[in-house]
Amino acid sequence: MSLCYRLLPGASIIPPSDSRLQILRLRPVSVRSALCDGISRALRAESRSRFSEPVVPPFQEGGWSFSRVRSRSAKGIGAIGEMIGELEVDLRRQKTAEVLAAAAVTVVLGTGNRVLYKLALVPLKEYPFFLAQFATFGVAVLSGASIPILSQTFLVWQLLFSVVFLKRRFRLTQILGCFLVTIGVVITVTSGSGAGISLKNAGIFWSLLMILSFLLQAADTILKEIIFLDAAKKLKGGSIDLFVVNSFGSAFQALFICLLMPFMSKLWGIPFNQLPSYIRDGTACFLNVGSLSGCEGAPLLPVLFVIVNMAFNISLLHLLKISSAVVSCLASTFSVPLAIYAFTLPLPYIGVASSLPAGFVTGAMVLVGGLLLYCWCSLPRTTSHNKVL
């Protein structure tokens, strides 16, 4: 790291401790410029205090020698450089802790989102198309086991887009960690009875359509990351509001859902001319009003799902903002085995709890190992001189 201050004669005193505390409270985006400004001000103040007193010429008898001046200046440079390195390490550690906390919240909400979606389908078992459009759009004809498997292509697309559009370079160990996460999810899902058959029966057309949809979703997250990075530059260390980005994304999603409604209703086997009555009955069941039967558990379960789904999307967007698209994808992926385990618990309205797949533990261990490998390789490393690598 190049030194970002002007060397003044005799300026070898480290800035006061309160300057260090003030620098630590700054945003990470403006750390380098803040360090430069703070150190320059401290050096100028120290220089003025020095030269306000009578100064003995360096070469006069009893004064400083040129070697002593150079020695003190060199010590000052080293002390300030060491302080800058320590501050950068502290800030990187604080950011890592913030990312880990946000990732943990995302994992919890992601697990709850998957479980509550299944619970919300209990009262709306006759209106899954209504619930799907009320929350989000998926390729609905695929089986439950094939979707988590095909969704792992999302991580592959994000790695490729990060390299192409963000010019980001990943270590080989980071790529290996992502690969292990994908393998772990596949092992976890396919270890269930009939999972392999359900994936085979999904059909090549619908599988390719699902993969294409995840390509578009990956492009969406990369575009949002570019927006956050560009906003940080243009706002000079500021940040764009999460709800602004989320609102624009939701608005365009709703627009395209309305435009694709005829095509999507046909996929569900609902004639387009019967769609208004279907939506009306679905709304009545969602609110548990009217004379419809089989809507027990509504509106509590569907409303809980919608709330958790919104919280999950916002937390995922926040994690994307403070880290990267790849990290947010890994956190979301980690909720898959947790959701599978949650369905083995005695959940209300579900009935008999399901048993764990035979390879669940193996898949979960591989997945966790991949996450730890990726996170360990992403941590900032320092040399003996506190220089961040």
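Residues numbered from 1 in each chain as written. Predicted model: local features only at pLDDT ≥ 70, side-chain atom pairs only at ≥ 80, totals over all residues. Heavy atoms only, no water.

**As for the pattern of salt bridges**
If you walk through the whole model with that rule in mind, you get three salt bridges. One salt bridge connects Arg 168 with Glu 225, and the closest N-O pair in it is separated by 2.8 Å. Residue Arg 168 is found in the loop between α6 (153-165) and α7 (172-190), and its partner Glu 225 is found in helix α9 (residues 204-234); the two are separated by 57 residues along the sequence. With a relative accessible area of 23%, Arg 168 lands in the partly exposed category. Notably, a salt bridge pairs Lys 224 with Asp 220, separated by 3.4 Å at the nearest N-O pair. Taken together, the residues Lys 224 and Asp 220, both in helix α9 and four residues apart, mark about one turn of the helix. (Salt bridge = Lys/Arg side-chain N within 4 Å of Asp/Glu carboxyl O. Helix = DSSP H or I, 4+ residues; strand = E, 2+ residues; numbered from the N terminus. Buried < 20%, exposed > 50% of the residue type's maximum accessible area, 1.4 Å probe, protein only.)

**Observations regarding the side chain of Ser 332**
Of note, Ser 332 is situated in helix α14 (residues 325-342). Looking at Ser 332, the relative accessible area reads 18%, which means it is buried. Apart from the residues within four sequence positions on either side, Ser 332 is in contact with Arg 114, Phe 312 and Leu 316. (Contact = heavy atoms within 4.5 Å.)

**Considering the confidence of the model for the chain**
Averaged over every residue, the pLDDT of the chain is 74; residues scoring 70 or more account for 69%. Every residue in residues 1-32 is under pLDDT 50, and counting partners more than four places away or in other chains gives 47 contacts. (pLDDT = per-residue confidence, 0-100.)

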